[in-house]
Amino acid sequence: MMEPRPLRTALAIACLAVLATPAGVAIAQTQDTPAPPPSETPAEPNADPVAETPREATVVLQDGQVLTGRLLEQTDARVVLRINGVRTTIDTRRIRELYIRPPVDQRHRAFRLTIADDDVEGLIRLAEWAIEQGRPDLAINDLERALEVDPFSARARELRTVAREAQRLIEAQRPAEPAPSPSDSGEPGDQNRPDQPATRTPAKDRDTFPLIDADDVNIIRVFEVDLDRPPRLRIERSAMEAVFEDFAGHPGVPSTEAGRQALLDAPPSEQLALLFRLRAREHYANVQVLAEPDALRRFRDDVFRGWLSNSCSTTRCHGGTEAGRLRLANAGRTDPRVYLTNLVILERFRTEDGSPLIDFEEPASSLLLQAGLPRHAAAVPHPEVRGWRPVFRGATDGNFGKAVRWIEGMYVPRPAYSIDYTPPAASEPSPATPGPPR
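By convention here, each chain's residues receive numbers from 1 onward along its written sequence. The predicted nature of this model means local features are confined to residues of pLDDT at least 70 and side-chain atom pairs, given and counted, to a pLDDT of 80 or more, with totals for whole chains, interfaces and linings taken over all residues. The side-chain values count all of the structure's non-hydrogen atoms but skip hydrogen atoms and water molecules.

**Student:** What is the right way to look at the pairing of strand β2 (residues 66–74) in this model?
**Tutor:** Look at any regular strand and the pattern is simple: side chains alternate between the two faces of the sheet. Two strands form a pair only when DSSP identifies at least two bridges running between them. Secondary structure elements are defined from DSSP: runs of H or I of at least 4 residues count as helices, runs of E of at least 2 residues count as strands, and each element is numbered from the N terminus. Of the pairings in the sheet, the one linking strand β1 (residues 55–61) to β2 comprises six bridges and is antiparallel in character. By the bridge assignment, glutamate 56 is partnered in β2 with arginine 70. Linking β1 to β2, which pair antiparallel, is a turn of four residues; within it glycine 64 sits at a positive phi near 95°. Pairing geometry for β2 and strand β3 (residues 78–83), over four bridges, is antiparallel. Considered in β3, the bridge of glutamine 74 is made with valine 79. In this antiparallel pair of consecutive strands, β2 and β3, the connection spans three residues.

Given below as structure tokens:
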């Protein structure tokens, strides 16, 4: 049984204390010899740094005074801390105890274990701590996770911007790696001859794949909500009042104050049902879908994570730059922008003869699924491509059945998502249809 969160937190802190104490405590017993107070002194030329990245340390002096800062140096004669930006030297004869804390990333891992994956506030607090500790890279990961859970968290978005900027500054301040000295061998093929500029070897250019943004993710989720099994939703009162104003006089909108109040007090799924009946697409962006609708959850878990991301969208297949007309995003298995970008691409793609990849009327006949079957078992087999292997063993394969159920669960007739997205290859968008009442 999982411990309550306060207990888990206490255990994590206790573990950190154990990690910090045994190897990091130095106790000076000499008390009868007077020593100078802590002083600000330059480092000795031959002094070795304690670590490439200074760790936090706490010093308890013989008189009970406690000093905390970054440990710059530790010898038998002295300890040097940076306290509030000031280099402070402390004679070891004045030190009663010295505690050196584990590295920030180690403490971060321990604290992260105490925070649930859907605890947005906890993730934000952890990110704030990581930024304060000078590790914005750790904070960025925490904030990305928080935004997966709640894409509308203004604090998480704001803090992610701060963390990214801090990380850029850190990277900009890093010294450039020195180029290897010119070779004296004079051998052919030497890439650092004296007549060549000594520059760092540039990293291989990364192919940037365009993704939909968080607002697009939310709009897709709105369109795919099953009102019989709605996910967690949030619609602000002011958003519904704006709908009442824009659609005043419409027969679907309550005409009395009591009727409007009843709708404002109703569950968000009932409010969304009104928006669907009104086809109030301009107000869909004000509906916050806080969890994947059932059909999108099936696509994420049973299709994208189940086989698409590790077969079709890999770099050696449709995830690479040589993929041809159909290209898929091949990273971020937990990022909704990635798997929903792939969903948009798959739905909008048309083959040379104009056929869609997904058949919503006969899901098992979808070209997307047929292309994953062994060639002898497929009505429309996958083209001959070097290295290709079938995704499914046959039409009775469990993953094939899950993919069929995913397509069956999507909203039909298909709505045209009101998002502007251009894929990186020449896949042709499907024409917008009048569609359903949403």
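**Student:** Would you mind showing me how to read the nonpolar core here?
**Tutor:** One recurring pattern in soluble globular proteins: nonpolar side chains tend to sit buried together. In plain words, nonpolar cores are sets of buried Ala, Val, Leu, Ile, Met, Phe, Trp, Tyr and Cys residues tied together by side-chain atoms within 4.5 Å. With a 1.4 Å probe rolled over the protein chains alone, any residue whose accessible area is under 20% of its type maximum counts as buried; one over 50% counts as exposed, and the rest are partly exposed. Ranked by size, the top nonpolar core spans 64 residues in total, and within it Leu272, Phe299, Leu369 and Trp406 carry the most contacts. Here, residues are in contact when the closest pair of their heavy atoms is within 4.5 Å. Excluding anything up to four places from it in sequence, tryptophan 406 contacts Ala295, Arg298, Phe299, Val303, Leu343, Ile358 and Leu368. By size, the runner-up hydrophobic cluster in this structure holds 19 residues, among which are Leu126, Leu138, Ile140 and Ala156.

**Student:** Is there a simple way to explain helix α6 (residues 214–223) in this structure?
**Tutor:** Every α-helix winds through 3.6 residues per turn, so residues three or four apart in the chain are directed the same way. Among the ten residues in α6, eight count as buried, and that is most of the element. Inspection of α6 places Asp216, Val217, Asn218, Ile219, Ile220, Arg221, Val222 and Phe223 among the buried residues, and these make up the whole buried set. Near the N-terminus of α6, the side chain that reaches the backbone nitrogen of aspartate 215, with its oxygen 3.1 Å away, is that of aspartate 213. Contacts described as polar in this section are N or O atom pairs within 3.5 Å, which, within protein, must combine one atom able to donate a hydrogen with one able to accept it, while residues neighboring in sequence count only if both atoms come from side chains.

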